[in-house]
Amino acid sequence: KVVILGAGGAAKAIAAILALHGTAHLTVANRDRSRAENLVKELKDKLVADRAFTCELAAVGLTDRELDHALANGRLVVQTTPVGMYPRIEAEPVIDPGRLSPRNLVYDIIFNPRQTRFLAEANKRGCKTANGMGMLLHQGALAFELWTKEQAPLTVMRDALAAAQ
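Computed from a predicted structure; not experimentally measured. Residues take numbers from 1 onward in each chain, read along the sequence in its written order. Selection of residues for local features in this predicted model requires a pLDDT of at least 70, selection of side-chain atom pairs for listing and counting requires 80 or more, and totals for whole chains, interfaces and linings are taken over all residues. In computing side-chain properties, one takes all heavy atoms of the structure into account and sets aside hydrogens as well as water.

### Topic: the overall build of the protein chain
Our working definition: Think of it this way: any DSSP run of H or I at least four residues long counts as a helix, any run of E at least two long counts as a strand, and we number them from the N terminus. Only C-alpha atoms enter the radius of gyration, while the globule expectation follows 2.2 Å times N to the 0.38, with N the number of residues. Contacts are assigned to residue pairs that have any heavy atoms within 4.5 Å of one another. Note on areas: these come from Shrake-Rupley sampling with a 1.4 Å probe, and a residue is covered only by the protein chains present in the view. Note that His is not counted, nor are the chain ends; the positive residues are Lys and Arg, and the negative ones are Asp and Glu. Lys charges are placed at NZ, Arg charges at CZ, Asp charges at CG and Glu charges at CD.
Within the protein chain one finds six helices and six strands. Reading the secondary structure of the protein chain in the N-to-C direction produces β-α-β-α-β-α-β-β-α-β-α-α. For a compact globule of 165 residues, the expected C-alpha radius of gyration is about 15 Å, and the protein chain comes in at 17 Å, within 12% of that figure. Principal-axis analysis of the C-alpha atoms places the extent of the protein chain at approximately 45 × 40 × 25 Å. Pairs at least 24 apart in sequence give 65% of the contacts found in the protein chain among residues at least 6 apart. Per element, the accessible surface of the protein chain, about 9500 Å² overall, is 56% carbon and sulfur. Charged side chains of the protein chain number 21 positive and 17 negative; the gap between the two group centres comes to 2 Å.

Below, the structure is given as structure tokens:
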């Protein structure tokens, strides 16, 4: 069970891949609930027609009680908005981190800063956390391979990312 915070392009890509690869229930939460509903409708329209699709999809607003239920029952929380990204690193997280529990694995796709305010607060609440560095690394590796037709030097790229911050 997964909760995605945000309904933009990154949320769409992450939701689609999770829905197609075994996620039982996916809740998309957005400040503007209608954007979450539109994303869920688009996923249903495009994915259900093409494949054996069993993922249950839901859309909620960030302040809705249904989000509290999804967070309480969910395992993975993916923060896909730019809130907290450099240079506005002190921005309030999109949801109150007090709504999280140690049950949640919290993944913030932001990679700069490496520890967003949201991740720091999630850590304080006993959540396991991850940032967007791995996603950035593998996007770069894929681009490298598409352009050069050679295997990306992941170790070199990982070391360069580590040295950059």
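Right, picking up where we left off after that structure.
### Overview of the nonpolar core
How we decide: Definition of nonpolar core: a set of buried residues of the types Ala, Val, Leu, Ile, Met, Phe, Trp, Tyr and Cys, connected through side-chain atoms within 4.5 Å. When a residue's accessible area, from a 1.4 Å probe over protein chains only, is under 20% of the maximum for its type it is buried; when over 50% it is exposed; and in between it is partly exposed.
Counting residues in hydrophobic clusters, the biggest one holds 23 residues, and the most contacted among them are I4, L26, V28, L43, L57 and V78. Residue assignment for this core shows that the elements contributing at least two residues are β1 (2-5), α1 (9-20), β2 (25-30), α2 (33-50) and β3 (56-61). It is α1 that contributes the most residues to this core, six residues altogether. When near neighbours in sequence (up to four residues on either side) are disregarded, L43 contacts K12, A15, A16, V48 and L57.

### Topic: the sheet that holds strand β4 (residues 76-79)
This is how the line gets drawn: A pair of strands counts as paired when DSSP detects no fewer than two bridges linking them. Axes here mean lines fitted to C-alpha atoms, for a helix over just the part in contact, with angles spanning 0 to 180 degrees between N-to-C directions.
Taken in spatial order, the six strands of this open sheet run β3-β2-β1-β4-β5-β6, and their pairing is parallel. The sheet is open, and its two borders are formed by β3 and β6 (128-130), each paired with just one other strand. Sheet twist, expressed as the mean angle between neighbouring strand axes with direction ignored, is 20°. In terms of strand pairing, β2 meets β3 through six bridges, oriented parallel. From the neighbouring strand, H25 faces β3, where its bridge partner is E56.

### Thoughts on helix α3 (residues 65-73)
For clarity, the cut-off: This arc describes the spread of directions from the helix axis toward the C-beta atoms.
Those residues of α3 lying buried are L67, A70 and L71. Projection of α3 onto a plane perpendicular to its axis shows the buried side chains occupying an angular sector of 100°, all on one side. Exposed and oriented more than 90 degrees from the buried face of α3 are R65 and H69. Where α3 is buried, its residues meet β1, β2, β3 and β4.

### Overview of a positive patch on the surface
Cut-off, in case you're wondering: A patch consists of residues exposed above 30% relative accessible area that lack any salt bridge, with like charges linked at up to 9 Å and nonpolar side chains (Val, Leu, Ile, Met, Phe, Trp, Tyr) linked at up to 5 Å. A carboxyl oxygen of Asp or Glu within 4 Å of a side-chain nitrogen of Lys or Arg is what we treat as a salt bridge.
Together, K1, R75, R103 and K128 make up a region of like positive charge exposed at the surface. With respect to the helices, strands and loops of the structure, R103 is situated in the loop between β4 and β5 (105-108).

### Structural notes on helix α4 (residues 117-124)
Those residues of α4 not exposed but buried are F118, L119 and A122. Angular distribution of buried residues about the axis of α4 spans 95°; they occupy a single face of the element. Residues of α4 that are buried in the fold lie against β1, β4, β5 and β6.

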